[in-house]
There are 2 protein chains.
Amino acid sequence: MKNDLLLKALRGEETGRPPVWMMRQAGRYLPEYMALREQYGFFERCQTPELACEITLQPVNIIGVDAAILFSDILVVPQAMGLEVQLIESKGPVLPAPVKTRSDLQRVRVPDVNETLQYVFDAISLIKKELNGRVPLIGFAGAPWTLLCYMVQGKGSKTFDEAKAFCYTQPDLAHELLQMITDTTIAYLKGQVAAGADTVQIFDSWGGLLSPEDFKSISLPYIQQIVGALKEDVPVIIFAKGAWYALEEMAATGASGLGIDWCIPPALARKMAGSNITLQGNFDPAKLLSPIPVIKKEVNNMLNAFGNGRYIANLGHGILPNVPVDHARAFVDTVKEWSSS
Amino acid sequence: MKNDLLLKALRGEETGRPPVWMMRQAGRYLPEYMALREQYGFFERCQTPELACEITLQPVNIIGVDAAILFSDILVVPQAMGLEVQLIESKGPVLPAPVKTRSDLQRVRVPDVNETLQYVFDAISLIKKELNGRVPLIGFAGAPWTLLCYMVQGKGSKTFDEAKAFCYTQPDLAHELLQMITDTTIAYLKGQVAAGADTVQIFDSWGGLLSPEDFKSISLPYIQQIVGALKEDVPVIIFAKGAWYALEEMAATGASGLGIDWCIPPALARKMAGSNITLQGNFDPAKLLSPIPVIKKEVNNMLNAFGNGRYIANLGHGILPNVPVDHARAFVDTVKEWSSS
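Residues numbered from 1 in each chain as written. Chains lettered and ligands numbered in written order. Predicted model: local features only at pLDDT ≥ 70, side-chain atom pairs only at ≥ 80, totals over all residues.

Let us now look at the overall build of chain A. When helices and strands are tallied, chain A shows 16 helices and 9 strands. Whereas a compact globule of 341 residues would reach a radius of gyration of roughly 20 Å, chain A reaches 19 Å, a difference of no more than 12%. Projected onto the principal axes, the alpha-carbon positions of chain A cover approximately 60 × 45 × 35 Å. Residues counted as buried form 55% of the 341 residues belonging to chain A. Intrachain contacts of chain A at a sequence separation of at least 6 include 74% that bridge at least 24 residues. (Helix = DSSP H or I, 4+ residues; strand = E, 2+ residues; numbered from the N terminus. Rg over C-alpha atoms; globule rule 2.2 N^0.38 Å. Buried ≥ 20, exposed ≤ 12 C-beta atoms within 10 Å, placed from the backbone. Contact = placed C-beta atoms within 7 Å.)

A separate point is the sheet that holds strand β1 (residues 68-69) of chain B. In a beta sheet, neighbouring strands are held together by backbone hydrogen bonds and run either parallel or antiparallel to one another. Residues and elements named next belong to chain B. Overall, parallel pairing links the 7 strands, which are arranged β1-β4-β5-β6-β7-β8-β9 in an open sheet. Both outer strands of the open sheet, β1 and β9 (311-315), are each paired with one neighbouring strand and no more. As paired strands, strand β8 (residues 278-283) and β9 are joined by 5 bridges and run parallel to one another. Bridge pairing in β9 places glutamine 280 opposite isoleucine 312. (Pairing = 2+ DSSP bridges.)

Here the focus is the relation of the copies chain A and chain B. Superposition record for chain A on chain B: RMSD 0.0 Å, screw rotation 180°, translation along axis 0.0 Å. One copy is carried onto the other by what is essentially a two-fold rotation axis. Within chain A, A:Lys158 has its C-alpha nearest the rotation axis, a separation of 4.0 Å. Mapped onto chain B, 100% of the interface residues of chain A are again interface residues, and the two copies thus contact each other with one and the same surface. (Least-squares fit on C-alpha atoms with pLDDT ≥ 70 in both.)

We now examine the interface of chain A and chain B. Opposite the 23 residues of chain A that make contact, chain B presents 23 residues. Among the elements that take part in the side of chain A that touches chain B, helix α10 (residues 161-169) of chain A stands out by supplying 5 residues, more than any other. Residues of the side of chain A that touches chain B, tallied by class, amount to 13 nonpolar, 6 polar and 4 charged. (Nonpolar A, V, L, I, M, F, W, Y, C, P; charged D, E, K, R; others polar.)

Spatially, β1-β4-β5-β6-β7-β8-β9 (chain A) is the arrangement adopted by the 7 strands of the open sheet, whose pairing is parallel. Among the strands making up the open sheet, the edge pair consists of β1 (68-69) and β9 (311-315) of chain A.

As a further point, take the packing of helix α2 (residues 31-39) of chain A against helix α4 (residues 49-62) of chain A. For any two helices packed against each other, one specifies the inter-axial angle together with the distance between the axes. All names here are of chain A. Contact pair α2 / α4: the axes reach a minimum separation of 10 Å and the direction vectors enclose 165°. Viewed along their axes, α2 and α4 adopt a mutual orientation that is roughly antiparallel. For the pair α2 and α4, the sense of crossing is right-handed. Each of Glu32, Tyr33 and Leu36 in α2 lies in contact with α4, whose residues at this interface are Leu51, Ile55, Gln58 and Ile62. (Axes fitted to C-alpha atoms, helices over the stretch in contact; angles between N-to-C directions. Parallel < 35°, antiparallel > 145°, perpendicular 65-115°, else oblique. Left-handed = near helix turned anticlockwise from the far one by under 90°.)

Another aspect to go through is the pairing of strand β4 (residues 137-142) of chain A. Residue and element names in this part refer to chain A. Most of β4 sits out of view: 6 of its 6 residues are buried. Side-chain alternation along β4 places Leu137, Gly139 and Ala141 on one buried face and Ile138, Phe140 and Gly142 on a second face that is also buried. In the sheet, β1 pairs with β4 via 2 bridges, with the strands oriented parallel. Residue isoleucine 69 lies in a different strand from β4, and its bridge partner there is isoleucine 138.

Turning next to α4(A). All names here are of chain A. End to end, α4 covers 20 Å across 14 residues, agreeing with the expected 20 Å (1.5 Å per residue, within 8%). Turning to α4, its buried residues are Ala52, Cys53, Glu54, Ile55, Thr56, Leu57, Pro59 and Val60. Check the buried side of α4 and you find it contacts α2, α3 (42-47), β1 and α8 (118-131). With its phi angle positive at about 80°, glycine 64 sits one or two positions after the end of α4. (Expected span 1.5 Å × (residues − 1).)

So, on to unusual backbone geometry. Residue and element names in this part refer to chain A. A cis amide bond links glycine 281 to the next residue, asparagine 282, at an omega of -10°. Positive phi, normally seen in glycine, also occurs at arginine 24, with a value near 60°. Structurally, arginine 24 is set in the loop between α1 (5-11) and α2. For arginine 24, a count of 17 C-beta atoms within 10 Å puts it in the partly exposed group.

Residue and element names in this part refer to chain A. As a packed pair, α4 and α8 sit with axes 8 Å apart at the nearest point and diverge in direction by 50°. By the angle class used here, α4 and α8 are oblique. The element α4 and its partner α8 pack so that their crossing is right-handed. For the pair formed by α4 and α8, the contact residues are Pro49, Glu50, Ala52, Cys53, Thr56 and Leu57 on the first element and Tyr119, Asp122, Ala123, Leu126, Ile127 and Glu130 on the second. Residues belonging to the contact of α4 with α8 are distributed by class as follows: 8 nonpolar, 1 polar and 3 charged.

Further remarks concern the pairing of strand β5 (residues 199-204) of chain B. Residue and element names in this part refer to chain B. The element β5 is extensively covered by neighbouring structure, given that 6 of its 6 residues are classed as buried. Side chains Thr199, Gln201 and Phe203 of β5 all project onto a buried face; the interleaved residues Val200, Ile202 and Asp204 project onto the opposite face, where all are buried too. Bridge count between strand β4 (residues 137-142) and β5: 5 bridges; the pairing is parallel. When the sheet's bridge partners are listed, isoleucine 138 is paired in β5 with threonine 199. Where β5 and strand β6 (residues 236-240) come together, 5 bridges link them in parallel fashion.

Moving on to the environment of A:Ala163. Residue and element names in this part refer to chain A. When you line up the elements, alanine 163 lands in helix α10. Taking the C-beta count within 10 Å as the criterion, alanine 163 has 27 such neighbours and is therefore assigned buried. Sequence separation between alanine 163 and methionine 151 is 12 residues; the distance between their C-alpha atoms is 8.2 Å. Those residues in contact with alanine 163 that lie beyond four places of it in its chain are Leu148, Cys149, Val152 and Gln153.

What follows is about the environment of B:Arg24. With 295 residues separating them along the chain, B:Arg24 and B:Ile319 place their C-alpha atoms 5.7 Å apart. Apart from residues no more than four positions distant in its own chain, B:Arg24 is found in contact with B:Gly318 and B:Ile319.

If you want it as C-alpha cells, here you go:
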C-alpha cells in the first residue's frame with residue numbers, strides 16, 4: 001500500500017505526521033456527490049457497487065484524505081434483518097413498522113449476509129480494485145444500541161425515549177434484539193473484511209444518550225462482542241459519540257482506535273483511554289464554517305494537543321453539508337503540513 | 001416559608017432529605033396543563049399572569065414538588081429585545097428574521113424590562129400570593145449563548161452550526177450580541193427577584209454543543225456576569241446541559257447550585273464541582289417511562305450516589321410529554337421517602 005499511515009497509526013507505529021480523514025467525507029458538501037444524489041435515490045447509490053465505489057473515491061481524489069470509507073448507511077443492517085427502511089432525504093430515516101412487542105420481533109431475523117448484503121461486499125471489492133493500494137479502506141457498521149434506536153423508535157429522535165423505554169420495560173426482549181443485531185453485524189463486518197476492508201469502525205451515534213450505567217449494560221457488551229470477533233482480522237475503531245465517560249471501558253475491549261468528539265479535552269481522553277490505543281478526532285464540524293486562517297490555527301491547536309503518537313486526525317462527528325470544499329481541504333492540508341517539532 | 005428545603009439545600013444547610021422538583025414540571029405530561037393548552041396559545045399562557053400562575057401551581061398541587069418554577073419560556077427575552085418569535089407547538093420556535101449581520105443587530109435592543117416583561121413580574125407577584133409560603137418559587141432565564149443560538153439560527157437545530165459559524169466568523173458582533181443579552185437578562189432576573197422569585201436558574205440548554213474552549217470564551221463569561229450580578233440577592237443555579245467539562249469553572253462563578261445531566265456519574269460531578277456547591281439532577285427523563293418499581297429502584301440508586309448533602313433531586317433535563325402522571329409522582333415520592341440512614 002502506498003499510503004498506509006492510517007493502519008500504522010492504528011497499530012501504534014511511527015507515522016511522521018498523523019493520518020487524516022473525515023467522518024461523512026463522501027457527502028453533501030461535495031458538488032460531485034450532489035450531482036449523483038440528484039440522479040439516484042439513496043438506496044440505489046448504496047446498492048449499486050459502481051455508484052458506491054465512485055462516491056467512496058470522491059474525497060480521496062478531491063480532498064486528498066489518507067483513507068477511504070465505504071459509502072453506505074448503518075440502516076442497511078436493519079433492512080437486511082427484515083425491517084422496511086425508508087430514507088427520505090429531507091426528513092431522515094423512517095421505519096414504518098418498528099419493533100415494539102415480542103410479536104414484532106418475529107418479523108426480524110438474523111439474515112445470511114451473503115444473500116442480503118452481497119451488494120456491499122461487491123462494492124468493497126470494486127473500491128479496493130479502483131483504489132489500487134493508494135490508501136486503506138475503512139468498512140463500518142452501526143453499534144447494536146444505535147441500530148436498536150431506529151428499529152424501535154422508527155425514526156430519528158432527540159432523545160430516543162421510546163427506544164430507551166423499550167429497554168427499561170422489556171429488557172429481555174431488548175437484549176434478544178441486541179444479540180440478533182450483534183450476530184448480524186459480526187457476520188456483516190467479517191464479510192466486509194473478506195471483501196477487502198482494511199479496518200472497520202463501529203458507529204455508536206446514540207451511545208452518549210445513555211447514562212454511564214445504561215451504556216455499560218445496553219451498548220458496551222455488544223460492542224465488546226463485535227470487537228472480540230473482528231480484532232484478530234483487522235484493527236477495529238469504536239466511535240461512541242458523547243460516551244466520553246466509557247473511554248476506559250471501550251479501550252479495554254481490545255479495539256485499536258477510539259473516536260472522540262470535541263467535548264472532551266484531548267489530554268483527558270488520553271488519560272482515560274490509556275497509552276495503548278489510538279485516539280481519533282475531534283474537530284468540531286461546525287468549526288469548518290470558520291474562515292480558513294481560523295481553521296488552520298484551530299487544527300494546529302488540536303494537533304499540538306494530541307501530539308504525534310497513536311493519533312488519527314478527524315472531525316468529532318460527520319462533516320456538515322454547508323461546509324465549503326476549500327474549508328474541508330484546508331483541514332486536511334493543515335494536518336499534512338503539521339510537524340510536531 | 002413552610003417548606004424551604006430547596007433554599008436550605010442551596011445554602012448548604014441540613015435538609016433531612018433532599019428537596020425535589022422536576023425541570024419542565026409544569027408541562028405537557030399533565031392533563032390539567034393540556035386542557036389550558038387547548039384553550040390558549042403559548043404566549044397567551046405566558047403573558048396572562050392568571051394563566052401563568054395557574055400552570056406554575058399545577059405540579060405543586062398535583063405532584064407535590066418542593067418548589068414551583070415560573071411558567072414561561074427563555075425566548076421571551078429575544079422577543080423583548082425586538083425579535084419576532086413564533087412558537088408553533090408542533091414544530092418548535094421560529095424566529096423569522098434572525099441576526100446574521102451587523103445591520104441585523106440594529107433591530108435588537110436592550111429593552112426596559114419593566115415595559116417589555118412586566119407581565120412576567122406580575123405573574124410572579126400573583127404566584128407568590130397564591131403559593132402563600134408553601135414552597136419557594138424559582139425564576140429563570142436562558143443563558144446568553146443559548147439565546148444567541150435561537151437569535152442567529154432562527155429555529156431549533158441539532159448542531160446550531162449557523163450560530164457557531166456566526167461566533168467564529170464575526171466574533172466581535174457575537175460578543176456584542178452576547179453582552180446585550182447579558183445586560184437584558186441581568187435586569188430581567190433582578191426584576192424577577194424584586195417581584196418575589198426566591199432563587200433563579202440559568203438554562204444553558206445548548207452549552208454542551210460547545211467545545212470546552214469555546215464554552216469558556218462564548219458562554220461562561222456571560223453566565224459569570226449574571227451570577228455576579230444576582231448572587232447577593234438570591235441563590236443562583238446554573239444548568240448547562242452537557243457541559244460537564246466546565247463544572248469546576250461554573251462552580252467558581254459563585255453560583256449556589258449546578259444542574260447536571262445523567263451522563264456524568266455523581267461522584268465525578270462532585271469531585272469536579274468541589275464540596276462548596278449544591279448539585280442538582282440527574283435522573284434520565286426517559287427513565288420515567290420505566291415501570292414504577294424500576295423508577296423507585298433507580299431513584300434510590302441516584303439518591304444513594306449523591307448522598308444527603310448539598311443536593312437537590314431533579315431530572316437531568318425536562319420531563320417528557322409521554323410520562324404518565326403516576327410515574328412523575330413516583331419519582332417525587334421516592335425522594336420524599338428516602339432516608340440516608
